[in-house]
Amino acid sequence: QVQLVESGGCLVQAGGSLRLSCVPSGSTFSIHDMAWYRQAPGKQRELVAAISRGGTTNYADSVKGRFTISRDNAKNTVYLQMNSLKAEDTAVYLCAAKAIWSYQYDYWGQGTQVTVSS
């Protein structure tokens, strides 16, 4: 089993920046892909950004050019640098991890709240 703990969410003004962190514990050797999702009130959960163990990344169109996902494989920690934040980025941001043998994200954190005031 893998446990994921996110941190870094807070209230920020539009145009500001935040950096989220996700620290896994447990059977971290099994982790391959990691990702950040977000869920706003009344909306479906959406993929924000993902990164493979080798560093390949992909982003939602809505955050391209503003957000950067990165990871430290030695620590199995994943980060999400968010710049030029907009009110529509307000959501609970959740970290997810995919086991090397899996086709879906198996492990989820509890989430961290990001609120962008306009």
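To keep things clear, this report deals only with the structure shown in the data block.

Brief notes about the overall build of the protein chain
Tallying secondary structure elements over the protein chain gives zero helices and 11 strands in all. By the compact-globule yardstick of 13 Å for 118 residues, the protein chain fits well, its C-alpha radius of gyration being 13 Å. Projected onto the principal axes, the alpha-carbon positions of the protein chain cover approximately 40 × 25 × 20 Å. The 118 residues of the protein chain split such that 45% are buried. Of all intrachain contacts in the protein chain linking residues separated by at least 6 positions in sequence, the fraction that spans at least 24 positions is 53%. Per element, the accessible surface of the protein chain, about 6100 Å² overall, is 48% carbon and sulfur. In the protein chain, 11 positive and 8 negative side-chain charges are present, and the distance between their average locations comes to 3 Å.

Describing the pattern of salt bridges
Taken as a whole, this structure holds five salt bridges when the rule is applied. In this structure, the salt-bridge partner of Glu46 is Arg38, at a minimum N-O distance of 2.6 Å. Each of Arg38, Glu46, Arg66 and Asp89 takes part in one network of salt bridges that share partners.

Concerning unusual backbone geometry
The backbone of Ser84 shows a phi angle near 50°, a positive value even though the residue is not glycine. Looking at where Ser84 falls in the secondary structure, it is placed in the loop between strand S8 (77-82) and strand S9 (91-99). With relative accessibility at 41%, the residue Ser84 sits in the partly exposed group.

Focus: the nonpolar core
In this structure, Met34, Trp36, Leu80, Met82 and Tyr93 are the most contacted members of the largest nonpolar core, which totals 29 residues. The set of elements that each furnish at least two residues to this core consists of strand S1 (2-7), strand S3 (18-26), strand S4 (31-39), strand S5 (46-51), strand S7 (67-72), S8, S9 and strand S11 (112-117). It is S9 that contributes the most residues to this core, five residues altogether.

Here's the deal with the packing of aromatic side chains
This structure, assessed with the given rule, holds three aromatic pairs. Ring centres of Tyr37 and Tyr105 lie 5.8 Å apart, and the angle between their planes is 75°; this geometry places the pair in the edge-to-face category. Of this pair, Tyr37 sits in strand S4 while Tyr105 is found in the loop between S9 and strand S10 (107-108), placing the two residues 68 residues apart along the sequence. Given the relative accessible area of 16%, Tyr37 is considered buried. Chaining the aromatic ring pairs together yields one cluster made of Tyr37, Tyr105 and Trp108.

Definitions and cut-offs
- Residues numbered from 1 in each chain as written.
- Predicted model: local features only at pLDDT ≥ 70, side-chain atom pairs only at ≥ 80, totals over all residues.
- Heavy atoms only, no water.
- Helix = DSSP H or I, 4+ residues; strand = E, 2+ residues; numbered from the N terminus.
- Rg over C-alpha atoms; globule rule 2.2 N^0.38 Å.
- Buried < 20%, exposed > 50% of the residue type's maximum accessible area, 1.4 Å probe, protein only.
- Contact = heavy atoms within 4.5 Å.
- Areas by Shrake-Rupley, 256 points an atom, 1.4 Å probe, with all protein chains shown as cover.
- Lys, Arg positive; Asp, Glu negative; His and termini not counted.
- Charge placed at Lys NZ, Arg CZ, Asp CG, Glu CD.
- Salt bridge = Lys/Arg side-chain N within 4 Å of Asp/Glu carboxyl O.
- Core = buried A, V, L, I, M, F, W, Y, C linked by side-chain atoms within 4.5 Å.
- Phe/Tyr/Trp six-rings, centres within 6.5 Å; stacked < 30°, edge-to-face > 60°.

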